[in-house]
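An overview of the molecular structure
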Amino acid sequence: MPDFLKRRRLARMIDASAKQMGNVERPEKGWIASVRYALGMSAEQVAKRKGVSRNAVYQAERSELDGGVSINQMQRLAAAMGGRFVYAIVPDERIEDLLYRQALKKAKHFIQEEPDSAKWSNDDRQDWIEDKAAELLHDFPTDFWDDP
């Protein structure tokens, strides 16, 4: 399967996942402490299920708030509380839109290198930019994400 088809399928999957996640935000006290509290579990009970000390659970809760908890730690704690840890990179907008904006940016740079482009009408310049953006999206050069 060509790379661009693989990228499109991945983009659709990521966009669908991002849409499902909506605006998920970490609770003020973090996921570990919040889920533990909602379940009515003490740190000692979670620790026993995880096979660590109570202090290790408290440390993980503090580390989560500081951004220092590991993915493995979150997975083990989630399992100890009867859940699973899910993480994702959620784009601010659809992948297709991010790609198109970058293609337009590069195309606008390339038109400046095109001889006589300053003499073209605005419509001709816009058509050229859109065609170049489409070409970049199709060919996806290795320097696609490099700033012009």
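Residues numbered from 1 in each chain as written. Predicted model: local features only at pLDDT ≥ 70, side-chain atom pairs only at ≥ 80, totals over all residues. Heavy atoms only, no water.

A look at the overall build of the protein
Applicable threshold: Working definition: helices are DSSP H or I runs of at least four residues, strands are E runs of at least two. Numbering for both runs from the N terminus. This radius of gyration counts C-alpha atoms alone. The globule rule is 2.2 Å times how many residues there are, raised to the power 0.38. Burial status follows relative accessibility: with a 1.4 Å probe on protein chains alone, a residue under 20% of its type maximum counts as buried, one over 50% as exposed, and anything between as partly exposed. Contact criterion: two residues are considered in contact whenever any of their non-hydrogen atoms come within 4.5 Å of each other. Note on areas: Shrake-Rupley, 1.4 Å probe, and residue coverage restricted to the protein chains presented here.
A tally of helices and strands in the protein yields seven helices and zero strands. In terms of overall size, the protein is more extended than a compact globule, its C-alpha atoms giving a radius of gyration of 24 Å where 148 residues would be expected to give roughly 15 Å. Over its C-alpha atoms, taken along the principal directions, the protein stretches across nearly 75 × 30 × 25 Å. Put simply, the protein has 148 residues, and 26% of those count as buried. Summarising the internal contacts of the protein: among those between residues at least 6 apart in sequence, 58% fall at separations of at least 24. As displayed, the protein has an accessible area near 10900 Å², and 49% of this comes from carbon and sulfur atoms.

Comments concerning helix α1 (residues 3–21)
Short version of the rule: Given a helix with a known number of residues, its expected span is that number minus one, times 1.5 Å. Directions drawn from the helix axis to the C-beta atoms are what define this arc.
Taking 1.5 Å of rise per residue, 19 residues should cover 27 Å, and α1 covers 27 Å from first to last C-alpha, within 8% of that figure. Looking at α1, one finds that the buried residues are Ala 11, Asp 15 and Ala 18. All buried residues of α1 project into a common sector of 65° when viewed along the axis, lining one side. Exposed residues on α1 whose side chains face more than 90 degrees from its buried face are Arg 9 and Gln 20. In this fold, the buried residues of α1 make contact with α6 (95–112).

Details of the pattern of salt bridges
For clarity, the cut-off: Think of a salt bridge as a Lys or Arg side-chain nitrogen and an Asp or Glu carboxyl oxygen that are within 4 Å of each other.
The full count for this structure, using the stated rule, is eight salt bridges. Close ionic contact of Asp 97 with Arg 94 constitutes a salt bridge, the shortest N to O distance being 3.2 Å. Overall, Asp 97 belongs to the partly exposed group, its relative accessible area being 31%. For Arg 94, a relative accessible area of 42% corresponds to the partly exposed category. Here Glu 135 ties to Lys 132 by a salt bridge, and the two come within 3.3 Å at their closest N and O atoms.

Description of the packing of helix α3 (residues 43–50) against helix α5 (residues 71–80)
As a reminder of what qualifies: The axes are straight lines fitted to the C-alpha atoms, using for helices just the contacting stretch, and the angles between their N-to-C directions are given from 0 to 180°. Reported orientations rely on four angle classes, namely roughly parallel under 35 degrees, roughly antiparallel over 145, roughly perpendicular from 65 to 115, and oblique for the rest. Only Asp, Glu, Lys and Arg are considered charged, only Ala, Val, Leu, Ile, Met, Phe, Trp, Tyr, Cys and Pro nonpolar, and every remaining residue, Gly among them, polar.
Where α3 contacts α5, the axes come no closer than 9 Å and their chain directions differ by 105°. When the interaxial angle is binned, α3 and α5 end up roughly perpendicular. Of the residues in α5, those touching α3 at Val 46, Arg 49 and Lys 50 are Gln 73, Arg 76, Leu 77 and Ala 80. In the contact of α3 with α5, the residues fall into three nonpolar, one polar and three charged.

Focus on the confidence of the model for the protein
The condition that has to hold: One number per residue, pLDDT, summarises how confident the predictor is, and it ranges from 0 to 100.
Looking at the protein, the pLDDT average stands at 93 and 99% of residues meet or exceed 70. For the protein, the element scoring lowest by mean pLDDT is α1, at 89; helix α2 (residues 31–39) scores highest, at 97.

What about the environment of Ala 16?
Along the chain, Ala 16 falls in helix α1. Between the C-alpha atoms of Ala 16 and Arg 94, which are 78 residues apart in sequence, the distance is 9.1 Å.

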